[in-house]
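# Architecture and fold: a report
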Amino acid sequence: MVAERGGIQRQAASVVVKILVCLCCLFVLIGCESTADRVEINAQSLQSDALDGAVLAGEIVAGRAGSIFARAHAQELQDDTTQIEKNVYDQKLPKGDELQKLADQIGTALGTMAVQADDVQIARQTRETLLQLADDASKLTS
Amino acid sequence: MKKYLGVALGIIAALGGFVDIGELVFNTQAGALFGYRTLWAIVVGVIVSVVLAELSGRVAIVAKKANFDLVRERYPRWLSITTLVAGLAVCLITLSAELGGLGLIMHYVLGWNEGFFTLIGLLIIVASSLLLSFSMIERVFGYLGLGLVVFTIAALHHGPAWHAIGRGFLPSGGSLQYWYFVVGMMAAAMMPYEIYFYSSGAIEEKWTTDDIPVNRANSGLGFPLGGIIAASLTIVAAQQLMPLGLTPDSLATVLQEALHELGPLAFYAAVVGAFAAIGGATIDSAFSCGYALAQHQGWPWGESKGVRGAPRWFATVLAAAGIGFAVVQTRVDPVNLTEYAVIASAVAMPLSFWPIVRVSQDRETMGRYVSGPVARPMAWLSYAVVCVVAIAGPILMLLTHTGELK
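A short tour of the structure in this document, coming up.

Definitions and limits used
- Residues numbered from 1 in each chain as written.
- Chains lettered and ligands numbered in written order.
- Predicted model: local features only at pLDDT ≥ 70, side-chain atom pairs only at ≥ 80, totals over all residues.
- Heavy atoms only, no water.
- Helix = DSSP H or I, 4+ residues; strand = E, 2+ residues; numbered from the N terminus.
- Rg over C-alpha atoms; globule rule 2.2 N^0.38 Å.
- Buried < 20%, exposed > 50% of the residue type's maximum accessible area, 1.4 Å probe, protein only.
- Contact = heavy atoms within 4.5 Å.
- Buried area = accessible area lost by both parts, 1.4 Å probe.
- Salt bridge = Lys/Arg side-chain N within 4 Å of Asp/Glu carboxyl O.
- Polar contact = N/O pair within 3.5 Å; in protein donor to acceptor, adjacent residues only side chain to side chain.
- Phe/Tyr/Trp six-rings, centres within 6.5 Å; stacked < 30°, edge-to-face > 60°.
- Lys NZ or Arg CZ within 6 Å of the ring centre and 35° of its normal.
- Core = buried A, V, L, I, M, F, W, Y, C linked by side-chain atoms within 4.5 Å.
- Expected span 1.5 Å × (residues − 1).

### Regarding the overall build of chain B
The number of helices and strands found in chain B is 19 helices and 0 strands. Here the C-alpha radius of gyration of chain B, 20 Å, is about what a compact globule of 406 residues would show, namely 22 Å. In terms of overall dimensions, chain B has a C-alpha envelope of 55 × 50 × 45 Å along the principal axes. Each of the 406 residues in chain B was classed as buried or not, and the buried ones make up 60%.

Take a look at the structure:
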């Protein structure tokens, strides 16, 4: 009786393992992304970072954002664009040069804001630049 | 009067403690991408979490058994170990994400390096678990978590589009990305650590059958009120971020919304609220690692027993916190980790919750507190939602590349 129960449990465990292996294979197959997808994902991320930075710059101009928060957030967004730039280089995408150039420009603007987080004049200029770059990024997504 | 006050304080703590990094990330991203259209997912998530919390609390009160006591008793050995491993893995991923989030929040307002603040966060968690009583931990973090109410105020201040918001509470269709966020928001509202913590908490606080109404009030009122904060995060993102086409990838963007709508004071209230909500969830998930392992192994457990009374439980909690800290030090992005934590939670839920649903309907164990004609179908319906979320979550995650693709 005990041996029979053990056998049933082993069979059940084996079925579960087989199902898990099949699911893993299925996930790997459906998880492959196309080159066009990668271009879109990277361009969307750049657009979002630029817009986020523009909103932050607007808060600095309005005198609402403290310099510590502004510096930390701008730096975080810059790090994100640097990572995107690296990803684009590694992935060798069709619009790779344009994406890399855009990432570099957005990163530079965010870096300037991070360094001089309490300078309203710089924030105002950066806001305009980032809005323009976000617009450029949106063109790459379509 | 004292009893009613206790109930009210418990509700407030549940309200403030409902939101964690999962809601802050998923709900804000969903609002930015889909406006109000995913609000119904919060309602479903809240209903399921209320049902599961009420069941687990009632079972803990009557049977004096917490979640993993039941897993050990009701499952064959191989399945109970599978459930334990899944539960521990999910709690550890959640703990890492929350700890990373804690470091980020402090970094945003105090400067310096977030790795340093993750260490400070770890020390706060360790000190709280060693120095504060269970109810103090629950209440301090729960009350401070009420700072997140600023998001509800921000939503009202902006001038809500009530008609569109109302339509958002009705389920609608959409792309795979839409469904990924729907599933993510549901899963974020019913993370397993919350149930492990809730059922173990009922035993920690020595609830008796006299406390069954308290259990109902905490879960039935506290969680839905917490759901209002969760919904506010989505509404504010729909109001501010969606028109810009901004999809947030950072906790700073979430806090910036409060700053943008209501100014610096609201920003700091949001910071305190987010810190407490994430800090509370960090402690809950660290404790839950201890609860899961100790209950499964039949060790003495519980914060109320003290280090001498439950040494292996405390050691597990501290080890879990240490592992969480080590994971964050690998420079993994806490926001990305949160998405994995929420989806991984979805997968672990059916195994963890099955024994609770079964025992709550077992007249021999529950006596006159057995689930009635309303609780029984609600439990099965909730369990069905949990299973759907568990299957759909990882598939949608892969198909949409963690919500990046439409």
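### Quick word on the interface of chain B and chain A
At the interface, 31 residues of chain B touch 26 residues of chain A. For the chain B and chain A pair, buried surface summed over both sides reaches about 2600 Å², with 63% attributable to carbon and sulfur atoms. Summed over the three residues of chain B that lose the most area to chain A, namely B:Trp78, B:Gln256 and B:Leu398, the buried surface amounts to 21% of that side. The tally of links between chain B and chain A comes to 0 salt bridges.

### Overview of the side chain of B:Ser200
All names here are of chain B. Along the chain, Ser 200 falls in helix H11 (residues 192-204). At 3.0 Å, the side chain of Ser 200 and the side chain of Gln 295 are in polar contact. Apart from the residues within four sequence positions on either side, Ser 200 is in contact with Ala 66, Tyr 291, Gln 295 and Trp 301.

### A few points about the packing of aromatic side chains
Residues and elements named next belong to chain B. Applying the stated criterion across every chain yields a total of 26 aromatic pairs over all chains. Here Tyr 180 and Phe 181 contribute two aromatic rings whose centre-to-centre distance is 5.3 Å and whose plane-to-plane angle is 80°, an arrangement assigned as edge-to-face. On the basis of relative accessible area, Tyr 180 is assigned to the buried category, the value being 0%. Linked through ring pairs, Phe 26, Phe 34, Trp 40, Tyr 178, Trp 179, Tyr 180 and Phe 181 together constitute an aromatic cluster. The positively charged end of Arg 37 is found above the aromatic ring belonging to Tyr 178, 4.5 Å away from the centroid.

### Things to note about the environment of B:Gly263
Tracing the chain through its elements places B:Gly263 in the loop between helix H13 (251-262) and helix H14 (264-297). Spatially, the C-alpha atoms of B:Gly263 and B:Ala154 are 10.0 Å apart, while their sequence positions differ by 109 residues. The residues contacting B:Gly263, other than those within four sequence positions of it, are A:Arg64 and B:Ala258.

### Quick word on the nonpolar core
Membership of the largest hydrophobic core comes to 166 residues, with the highest contact counts inside it found for B:Leu24, B:Phe151, B:Leu251, B:Phe287 and B:Trp313. In contact with B:Trp313, other than residues within four places in its own chain, are B:Glu204, B:Phe287, B:Gly290, B:Tyr291, B:Ala294, B:Pro300, B:Trp301, B:Gly302 and B:Glu303.

### Quick word on H11(B)
Helical geometry note: an α-helix holds 3.6 residues per turn, so side chains three or four residues apart project in the same direction. Residue and element names in this part refer to chain B. The end-to-end C-alpha distance of H11 is 18 Å, a good match for the 18 Å that 13 residues give at a rise of 1.5 Å each. Taken across its 13 residues, H11 has 12 buried, putting it largely inside the fold. Pro 192, Tyr 193, Glu 194, Ile 195, Tyr 196, Phe 197, Tyr 198, Ser 199, Ser 200, Gly 201, Ala 202 and Glu 204 are the residues of H11 that are buried.

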